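# Architecture at a glance
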Amino acid sequence: MSKNSRSFLSFFFFLLSIVPFLSAQFTSYGFIDFGVESRVSLFFSFIFSMIGLGLAISGRPGKTRLLLITLNTLANLFHFFVAVYVYSAT
């Protein structure tokens, strides 16, 4: 697998990890309503973000690599904090 395809796959997995949050529904109080189905998608989005981070580390060097590592790391942190909030609320 070439380094360019690893970089593309890293960005693809980053987008896959963000999709569940784009489809989240907001309640009337402004909070995000995560049901049981979304907890599964939180897990998968975290795994997709980890795969994207691994591919970004082994991807094309330069600014693209730094950007992909930063995006996937921020996505991992975001998923972690959302998971802590959701699981502590129940």
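To be clear, the structure that these remarks concern was listed above.
Presented here is an overview of the structure given in this document. (Residues numbered from 1 in each chain as written. Predicted model: local features only at pLDDT ≥ 70, side-chain atom pairs only at ≥ 80, totals over all residues. Heavy atoms only, no water.)

Below, the discussion takes up the overall build of the protein. Per the secondary structure count, the protein includes 3 helices and 2 strands. N-terminal to C-terminal, the α/β element order of the protein is α-β-β-α-α. Residues counted as buried form 29% of the 90 residues belonging to the protein. Of all intrachain contacts in the protein linking residues separated by at least 6 positions in sequence, the fraction that spans at least 24 positions is 68%. (Helix = DSSP H or I, 4+ residues; strand = E, 2+ residues; numbered from the N terminus. Buried < 20%, exposed > 50% of the residue type's maximum accessible area, 1.4 Å probe, protein only. Contact = heavy atoms within 4.5 Å.)

The next subject is the environment of Gly52. Along the chain, Gly52 turns up in helix α2 (residues 36–57). For the pair Gly52 and Phe11, spaced 41 residues apart in the sequence, the C-alpha separation amounts to 6.8 Å. Residues contacting Gly52, with those up to four places away along its chain left out, are Ser10, Phe13 and Asn72.

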